[in-house]
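The residues making up each chain are set out below.
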Amino acid sequence: MKLLLPKQVYNRITDIDLDQLRKRGISGLLLDLDNTLVRYDSEELDQEFKAWIIKAKSEGFRICLVSNGRPKRVIHFAKMMDIPAVISAYKPTRSPFLRALELLDKEAAEVAMIGDQLFTDVLGANRLDIHTILITPLGKNEFSTTRLVRRLERRMLNRFVKKGLLAAEIINRRNEGEL
Ligand SMILES: [Mg+2]
């Protein structure tokens with residue numbers, strides 16, 4: 001159960017406190033794509049998020065996409081942001097995270113994984129002791145299998161909130177938008 005607990009939760013990537021991450025010794029960001037950075041059904045990157053990527057890069061953060069999504073689509077966005085990508089990632093297996101560390105030339109303790117799913121992004125990164133940040137999914141449009149997983153995810157998150165391990169405000173907002 002501990003492996004499913006994110007270290008931090010935010011509604012949007014733009015809410016992430018980059019200074020605080022830097023103080024923790026984090027200088028690399030592993031980014032999920034679908035429903036973290038862009039809606040699952042969108043080909044466009046929100047201006048606000050694009051600006052955030054540019055800001056993070058200019059502050060010295062190295063960023064790598066780690067996505068289970070369609071390779072062509074992942075490469076399209078990686079090129080758009082001028083960052084490397086691990087495609088066909090099969091999160092939560094360890095290999096895509098290890099590959100991303102290699103691409104960024106970072107140790108596990110120097111990066112944070114940012115994603116919207118507990119059972120892929122958070123579980124996979126926690127297994128390697130990577131700092132994990134859970135984001136509220138941008139859209140509801142997802143694979144039907146993901147929708148099933150979301151129910152389990154919600155149950156876990158509510159349990160964490162009950163135990164006082166996660167911010168109720170953020171999780172409640174997340175849950176309101178779902179299912
Ligand atoms: Mg996602």
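None of the values given here were measured: they were computed from a predicted structure.

The protein atoms that coordinate the magnesium ion are Asp32 (OD), Asp34 (O) and Asp116 (OD), at distances spanning 2.1 to 2.2 Å. Each donor residue of the magnesium ion belongs to the same chain, and together they define the spacing D-x1-D-x81-D. With a gap of 84 residues between them, aspartate 32 in the loop between strand E2 (28-31) and helix H2 (47-58) and aspartate 116 in the loop between strand E5 (111-115) and helix H5 (118-127) connect regions that are remote in the sequence. Residues aspartate 32 and aspartate 116 agree in their burial class; the two are buried.

As a further point, take the packing of helix H6 (residues 144-162) against helix H7 (residues 168-176). Interaxial distance between H6 and H7 falls to 10 Å at its minimum, and their mutual angle equals 160 degrees. Judged by the inter-axis angle, H6 sits roughly antiparallel to H7. Relative to H7, the crossing made by H6 is left-handed. From H6, Arg150, Glu153, Arg154, Leu157, Asn158 and Val161 reach across to H7, where they touch Ala168, Ile171, Arg174 and Asn175. Here the contact of H6 with H7 is built from residues that sort into four nonpolar, two polar and four charged.

Across the sheet, six strands lie side by side as E1-E6-E5-E2-E3-E4; this open sheet has parallel pairing. Each end of this open sheet is capped by a strand with a single partner; those strands are strand E1 (8-10) and strand E4 (85-86). Bridge count for strand E3 (residues 62-66) against E4 is two bridges, and the pairing is parallel. Within E4, the residue paired with leucine 65 across the bridge is alanine 85.

Among all positions of helix H4 (residues 95-104), only Pro96, Phe97, Ala100, Leu101 and Leu104 are buried. One side of H4 carries all its buried residues, which in axial view fall inside an arc of 145 degrees. Where H4 is buried, its residues meet E2, E3, E4, E5 and H5.

The next point concerns the nonpolar core. A general feature of soluble globular proteins is that nonpolar side chains tend to end up buried together. Ranked by size, the top nonpolar core spans 29 residues in total, and within it Ile16, Leu29, Leu37, Leu65 and Ile114 carry the most contacts. Residues contacting leucine 29, with those up to four places away along its chain left out, are Leu18, Leu21, Trp52, Ala56, Phe61, Arg62, Ile63, Cys64, Leu104, Ala112 and Ile114.

A word on the layout of surface pockets. Of the voids in this model, the largest pocket is the one considered here, and its volume is about 400 Å³. What lines the largest pocket is a set of 20 residues, among which Asp34, Asn68, Gln117, Phe143 and Thr146 lie closest to the centre. Elements represented by at least two residues in the lining of the largest pocket include exactly H5 and H6. A per-class count over the lining of the largest pocket returns four nonpolar, eight polar and eight charged.

Criteria and thresholds
- Residues numbered from 1 in each chain as written.
- Predicted model: local features only at pLDDT ≥ 70, side-chain atom pairs only at ≥ 80, totals over all residues.
- Heavy atoms only, no water.
- Donors = N, O, S within 2.8 Å, 3.2 Å for Na, K, Ca; no water.
- Helix = DSSP H or I, 4+ residues; strand = E, 2+ residues; numbered from the N terminus.
- Buried < 20%, exposed > 50% of the residue type's maximum accessible area, 1.4 Å probe, protein only.
- Axes fitted to C-alpha atoms, helices over the stretch in contact; angles between N-to-C directions.
- Parallel < 35°, antiparallel > 145°, perpendicular 65-115°, else oblique.
- Left-handed = near helix turned anticlockwise from the far one by under 90°.
- Contact = heavy atoms within 4.5 Å.
- Nonpolar A, V, L, I, M, F, W, Y, C, P; charged D, E, K, R; others polar.
- Pairing = 2+ DSSP bridges.
- Arc of directions from axis to C-beta.
- Core = buried A, V, L, I, M, F, W, Y, C linked by side-chain atoms within 4.5 Å.
- 1 Å grid on protein atoms, 1.4 Å probe; cavity = no way out; pocket = protein on both sides within 12 Å on 5 of 7 lines; lining within 4 Å.
- Points joined across faces, edges and corners; volume = space filled by probe spheres on them.

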